[in-house]
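Now for the letters of each chain:
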Amino acid sequence: MADVIVLGAGIAGHTAALHLSRRLRRGHTITVVSPNSHWNWIPSNIWVGVGKMAKKDVVFPLEPVYRKKGITFRQAKAYAIHPQGDADSDRGAVDVEYTGQGRAGQTERLRYDYLINATGPRLRFDATEGLGPEGFTASVCTADHAIEAAGQLRATIERLRAGERQTLVVGVGHGTCTCEGAAFEYVFNVDHELREAGVRDLAEVIYFSNEAALGDFGVDGMTFEESGFQTTSELWTASLFRERDVRAILGAHVERIEAGVIHYETLDGEHHSLPFDFAMLLPPFGGVPLKAYDKQGNDITSELFAPSGFMKVDADYTPKPYEDWRGRDWPETYQAPGYDNVFAVGIAFAPPHPISRPRTSPGGTVISPAPPRTGMPSGVMGKTAALTVVDRINNGRNAPAHRASMANMGAACVASAGANLRTGSAAAMTMMPVVPDYSVYPTGRDLKATTGEIGLSGHWVKLMLHHLFLYKAKGHIGWQFIPE
């Protein structure tokens, strides 16, 4: 019988655990380790962040779901991996520290036959002085952060109603951030709320991004085709900004934030200051602080993990110029080199390079989006790793790995404004593949599967996905038929 451990209960880890419980025979054990007791459908934190949804609408407790599925839950954070075992056993092990279940602060060493690292991101608010809820800006990265953001936005709207002009800034808080799509969605939700409150004319709304051009989204932009005509995501996105009178500051890196002032550098090397009354700025991501040790107890962290803290997998990490980047550089199996029983999926794996063209200011400051790994690809990766583990348990360690490269994988993003069935709107985008391949497609992507549309129907899709994915995550009847 085999013991499988999944680190993390976000989209990738939770998906992996559900598929493992569905496919493995009784007698094998599945253990999920997560410091959080609840699952959060993060895309809908945007709506929590403007007061359209409550926290209870986007989270639910994990333990009852896992109990129903025969999965053991440990509310704990992993802090060390022993992939070769230790002096007591050749089996791999993970050291964890409990954060709940009446055992907070206690540590334990858990043995595994297979390990799936789906720990997600460490929110690097510390990368920028003054960034984040403990500084001077709001966030929607967690449901609790989003509640705080909604409160600050309400207070800003009340000042506007009192006749005070206000500057609202939404975007990213560092030159290497990812998740520009989340900032893009939030800024238009904020605009929608201001219009509903009848105070838009007194508000200046600014989109603040490390993207060199609108519509880059960390994926080097997209090309859409309709009725034989092609347009870029830059032009498509710019039209949305003009229509809603949102000013964009692009190619920007936040140096520090003081109360009411953002100090930043731009790609031309100039330094600026931007006064604000409300700001929601997303942080850069890093890997969670995991150490790794060999059987003798020697530190091998640098062998398993990139300097960013993300785990190395079957990608090509050879440094090379942008012009030499290829889709084949990206991982397919998410297996850690040298360990056929260790995988890293979702945000936990180390990308081989950015997707967008790397850029730096004349002073050497990196101002370029990091690769996004959104919910749809993360779910696919989690399922892929789970199916590989199932096959190797059932058929032996030499069973071939399942494959799912972001260079062959599509993704969809629905950026909605408002949460009303009649008055909402959305910018809906699909791309295929996520990592562009200019050797196969002249525009980098399949034009038949790369689209951009705006309207109420996309908003309905967003609401439908909200309810479908919560249903799926709760493991209700037929959950497996809802695509990742």
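What you see is a predicted model; the values in this text were computed from it and never measured.

A. Examining empty space enclosed by the protein more closely. Under the criterion given, the structure shown has one cavity of 30 Å³ or more. Roughly 90 Å³ of internal volume is contained in the largest cavity. Lining the largest cavity we find Phe184, Phe188, Leu240, Arg244, Ala415, Ser416, Ala417, Ser425, Ala426, Ala427 and Ile454. Class assignment of the residues belonging to the lining of the largest cavity gives a composition of eight nonpolar, two polar and one charged.

B. View of the environment of Asp299. With respect to the secondary-structure elements, Asp299 resides in the loop between strand E20 (291-292) and helix H7 (301-304). Using a relative accessible area of 43% as the deciding quantity, one classes Asp299 as partly exposed. Side chain to side chain, Asp299 and Lys291 meet in a polar contact 3.1 Å long. Polar side-chain contacts of Asp299 include one of 2.6 Å to the side chain of Thr301.

C. Representation of the packing of aromatic side chains within the structure. Per the counting criterion, the structure on display carries 14 aromatic pairs. Arranged with centres 6.0 Å apart and planes meeting at 15°, the rings of Trp39 and Trp41 form a pair that is stacked. The exposure classification of Trp39 matches that of Trp41, with both residues buried. When the ring of Trp330 is compared with that of Phe349, the centres are 6.5 Å apart and the planes differ by 85°; the resulting orientation is edge-to-face. Placement of the pair is Trp330 in the loop between H7 and strand E21 (342-344) and Phe349 in the loop between E21 and helix H8 (375-395), with a sequence separation of 19 residues. By the burial criterion, Trp330 is buried, and Phe349 matches it. Taken together, the ring pairs connect Phe184, Phe188, Tyr207, Phe217 and Phe241 into an aromatic cluster.

D. Region of interest: the sheet that holds strand E11 (residues 203-208). Overall, parallel pairing links the four strands, which are arranged E14-E11-E10-E18 in an open sheet. Each of the sheet's edge strands pairs with one partner strand only, and the pair in question is strand E14 (246-249) and strand E18 (278-282). Strand after strand, the sheet turns through a mean of 15° between neighbouring axes, direction not considered. The pairing of strand E10 (residues 166-172) with E11 spans six bridges and is classified as parallel. Across the sheet, Val170 pairs through a bridge with Tyr207, a residue of E11.

E. Structural detail: the pairing of strand E8 (residues 114-117). Neither face of E8 is left uncovered, since the one carrying Tyr114 and Ile116 and the one carrying Leu115 and Asn117 both have all their residues buried. Across four bridges, strand E1 (residues 3-7) lies against E8 in parallel orientation. Each residue of the ladder has a partner; that of Ile5, found in E8, is Leu115. Sheet topology note: the E8/E21 ladder contains three bridges and is parallel. If you follow Leu115 over to E21, its bridge partner there is Val342.

Conventions we followed
Here the residue index of a chain counts from 1 through its sequence in written order. Local features in this predicted model are restricted to residues whose pLDDT is 70 or higher, and side-chain atom pairs enter the listing and the counts only when it is 80 or higher, whereas totals over whole chains, interfaces and linings include all residues. Neither water nor hydrogens contribute to the side-chain values; these are computed over all heavy atoms in the structure. A cavity here means a set of 1 Å grid points, computed over protein atoms only, where a 1.4 Å probe fits but cannot escape. A pocket is an open set with protein on both sides within 12 Å along at least 5 of 7 lines, and lining residues have an atom within 4 Å of a point. Grid points are joined across faces, edges and corners, and a volume is the space filled by probe spheres set on the points. Polar here means any residue other than Ala, Val, Leu, Ile, Met, Phe, Trp, Tyr, Cys and Pro, which are nonpolar, and Asp, Glu, Lys and Arg, which are charged; Gly is therefore polar. Here a strand is any run of E in DSSP of at least two residues, a helix any run of H or I of at least four, and the numbering for each starts at the N terminus. Partly exposed describes any residue whose relative accessible area lies between the buried limit of under 20% and the exposed limit of over 50%, with all areas from a 1.4 Å probe on protein chains only and scaled to the type maximum. Within 3.5 Å is the distance limit for a polar contact, defined as a pair of N or O atoms, with the added protein rule that one can donate a hydrogen and the other accept it, and that residues adjacent in sequence qualify only through two side-chain atoms. Two aromatic rings, drawn from Phe, Tyr or Trp (for Trp, its six-membered ring), form a pair once their centres lie within 6.5 Å of each other, and the interplanar angle then sorts them: stacked below 30 degrees, edge-to-face above 60, tilted otherwise. At least two bridges found by DSSP between two strands is the condition for calling them paired. Axis geometry follows a simple rule: fit a line to the C-alpha atoms, using only the stretch in contact for helices, then measure angles between N-to-C directions, giving values from 0 to 180 degrees.

Limitation: the analysis is restricted to geometry and does not speak to function.
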